[in-house]
Structures are given as C-alpha cells and as structure tokens.
Amino acid sequence: MIQIAPSILSADFARLEQEILKVETAGADLLHIDVMDGHFVPNLTFGPPVVKAIRKVTQLPFDVHLMVDKPEEYVRPFAEAGANIITIHAEATPHLHRVVQSIKEHRIQAGVALNPATPLCVIEEILHDLDLILIMSVNPGFGGQKFIPSALKKIRRLKTMLMQINSPALIEVDGGVTSENAAQLKDAGADILVAGSAIYGVVDCQAAIASLKKV
C-alpha cells in the first residue's frame, strides 16, 4: 500500500502539536518536515529545536527533507533531534556520497532529493547506498504549487533503475500531490506521497488521507 507523509509546512504553526496528532490519528504513515535555510530555497522554516520538541508528541517516523546549502553541517543536529530519515538535495553538495555516508553513520535512513531539472544520472553511482529517493514534482521552496507532469516519466525511469540493481530503496514524491494524480504516481512506481495542502488544506484530513491511500 502507498504510504502518506503529510507535510507540516502546510500545518497551522500556532497549533503544531494538535496538527501533528490530527494526521497521526487520521492514518498518516510518517511526517514530512521541510527544512529551508533561505539560501538553497527562498523560505526559512524549521530548525533542530523544533524537530526535537515535536519528537516528544508523536510516534510517527520523521522524514526530514533538507532544502539547505551545505547539508553536511545539518546532518548531526537533525539526527540528534529525532530524524528517522534525512534527505539531502543532490544539487546542494559536491560531495554527495560523503554526506550520504554521514547520515548512515548516525544509524538512520539516507535519502537524496532531485529537483525537476536534475537528471537521474546524478545519483546513478550511489543508488545502491540510498534508502529513499525523493522526486520533486514542483520546484522546491513553496507549498501549494501545481504538479509538474514530466515527473511521472522520471519516476518510471527511476523504478526501472532500482529494479535493475534489485534495490529496496523507496521512491517518494513531493509537490502538487492530490487524490486526482495519486493513482498515476503509484502506477509509475511511487511508494510514498508527500501531501501538504491536500491534507492540511481540507476540513476532513482523515478522508483526505484515506482517499490518497485508496489508490
């Protein structure tokens, strides 16, 4: 079954604990935490203290997506704050393999994210080291953007690459995910769907998560 990772970027920050518990009760599989530094992407969001604080209120695995320059400087703080998965951007460091190994040294799962214009060949040589590959289906930095359809072809190609090396790595998709395109994403090979406004922007988040999982 497809896994659903609500993005707390779309939550009400004034009620963050309640917003997290709401999606946990509604059937979320993990919590997607978008970390932005104001450099790699324009916005600023969460730091390790916030992650450490919310770690106390939920049992959901934390899927920490680092949209930051020099991600090697953030691995240890977020690992110690309670991350279960740390995903870095291939575009953010010239030493991708080194940072992936650093994440694994903290005994947590390592992921790499690719922006829409970044080709899959960038991760081909380290594919066997990865637990997760995050395909961005919007340009990172802002919530509520429309899905970029060409991501479907990219997901299919990635799925083929993983099957060829018998890799158990999961494919995650982030950006413009809705109940309308969830079935297409699953058919293309996605394992985890990140959804922000599609879950937090509706009245009944339990029904929204159920609708995404129903595919």
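Everything quoted here is computed from the prediction, not taken from an experiment.

### A word on the overall build of the protein chain
And step 1. When its secondary structure is counted, the protein chain shows eight helices and eight strands.
And step 2. The C-alpha radius of gyration computed for the protein chain amounts to 16 Å, which stays within 12% of the reference 17 Å derived for 215 residues, consistent with globular compactness.
And step 3. Of the contacts formed within the protein chain by residues at least 6 apart in sequence, a portion of 65% connects residues at least 24 apart.
And step 4. Summed over its atoms, the accessible surface of the protein chain is roughly 10,000 Å², and 51% of this surface lies on carbon and sulfur atoms.

### Remarks on the layout of surface pockets
And step 1. In this model, the second largest pocket occupies a volume close to 150 Å³.
And step 2. Taken together, 14 residues line the second largest pocket, and the ones lying closest to its centre are Q109, D131, P168, A169 and L170.
And step 3. Split by residue class, the lining of the second largest pocket holds nine nonpolar, four polar and one charged.

### What about the sheet that holds strand β6 (residues 132-136)?
And step 1. Reading across the sheet, the eight strands line up as β1-β8-β7-β6-β5-β4-β3-β2 and stay open at both edges, with parallel pairing between neighbours. Each edge of the sheet is formed by a strand with only one pairing partner; in this case those strands are β1 (3-6) and β2 (31-36). Ignoring strand direction, the axes of neighbouring strands in this sheet form an average angle of 25°.
And step 2. Here helix α4 (residues 96-105) sits on the sheet in contact with β4 (85-89) and β5 (109-114), set at roughly 145° to β5.

### Here's the deal with the nonpolar core
And step 1. Counting 65 residues, the largest nonpolar core has I8, I86 and V112 as the members making the most contacts within it.
And step 2. With six residues, the single largest contributor to this core is helix α5 (residues 151-164).
And step 3. Setting aside residues up to four positions removed in sequence, I86 forms contacts with V64, L66, V75, F78, A79, I103, I108, Q109, A110 and G111.
And step 4. Counting 10 residues, the second-largest nonpolar core is a separate cluster that includes I85, L132, L134 and M136.

### So, the packing of aromatic side chains
And step 1. The full count for this structure, using the stated rule, is one aromatic pair.
And step 2. In this arrangement the basic side chain of R55 is found over the ring face of F62, its NZ or CZ atom lying 3.7 Å from the centre.

### As for the UniProt feature "binding site: substrate" (unreviewed entry) in the protein chain
And step 1. The UniProt record annotates "binding site: substrate" (unreviewed entry) at S7, H65, G141, F142, G143, G144, D174, G175, G176, G196 and S197.
And step 2. Tracing the backbone through its elements, the reader meets G196 in the loop between β8 (192-195) and α7 (197-200).
And step 3. Among the residues examined, G196 registers a relative accessible area of 15% and is labelled buried.
And step 4. Not counting residues up to four positions away in its chain, the partners in contact with G196 are S7, S10 and G201.

### So, the UniProt feature "active site" (unreviewed entry) in the protein chain
And step 1. Under the UniProt annotation, the feature "active site" (unreviewed entry) is placed at D34 and D174. These annotated residues cover 141 residues of sequence, but their C-alpha atoms sit close together, with the largest distance between any two at 10.4 Å.
And step 2. Mapping D34 onto the fold places it in strand β2.
And step 3. Taking relative accessible area as the criterion, D34 reaches 4% and is therefore assigned buried.
And step 4. For D34, the contacting residues outside a window of four places in its chain are S7, L9, T45, F46, H65, M67 and D174.
And step 5. Within the structure, the side chain of D34 is placed 2.9 Å from the side chain of S7, a separation counted as a polar contact.
And step 6. Among the secondary structure elements, D174 is positioned in strand β7 (residues 170-174).
And step 7. A relative accessible area of 10% means that D174 is categorised as buried.

Conventions used here
- Residues numbered from 1 in each chain as written.
- Predicted model: local features only at pLDDT ≥ 70, side-chain atom pairs only at ≥ 80, totals over all residues.
- Heavy atoms only, no water.
- Helix = DSSP H or I, 4+ residues; strand = E, 2+ residues; numbered from the N terminus.
- Rg over C-alpha atoms; globule rule 2.2 N^0.38 Å.
- Contact = heavy atoms within 4.5 Å.
- Areas by Shrake-Rupley, 256 points an atom, 1.4 Å probe, with all protein chains shown as cover.
- 1 Å grid on protein atoms, 1.4 Å probe; cavity = no way out; pocket = protein on both sides within 12 Å on 5 of 7 lines; lining within 4 Å.
- Points joined across faces, edges and corners; volume = space filled by probe spheres on them.
- Nonpolar A, V, L, I, M, F, W, Y, C, P; charged D, E, K, R; others polar.
- Pairing = 2+ DSSP bridges.
- Axes fitted to C-alpha atoms, helices over the stretch in contact; angles between N-to-C directions.
- Core = buried A, V, L, I, M, F, W, Y, C linked by side-chain atoms within 4.5 Å.
- Buried < 20%, exposed > 50% of the residue type's maximum accessible area, 1.4 Å probe, protein only.
- Phe/Tyr/Trp six-rings, centres within 6.5 Å; stacked < 30°, edge-to-face > 60°.
- Lys NZ or Arg CZ within 6 Å of the ring centre and 35° of its normal.
- UniProt positions renumbered as here; feature names shortened; annotations may be inferred.
- Polar contact = N/O pair within 3.5 Å; in protein donor to acceptor, adjacent residues only side chain to side chain.

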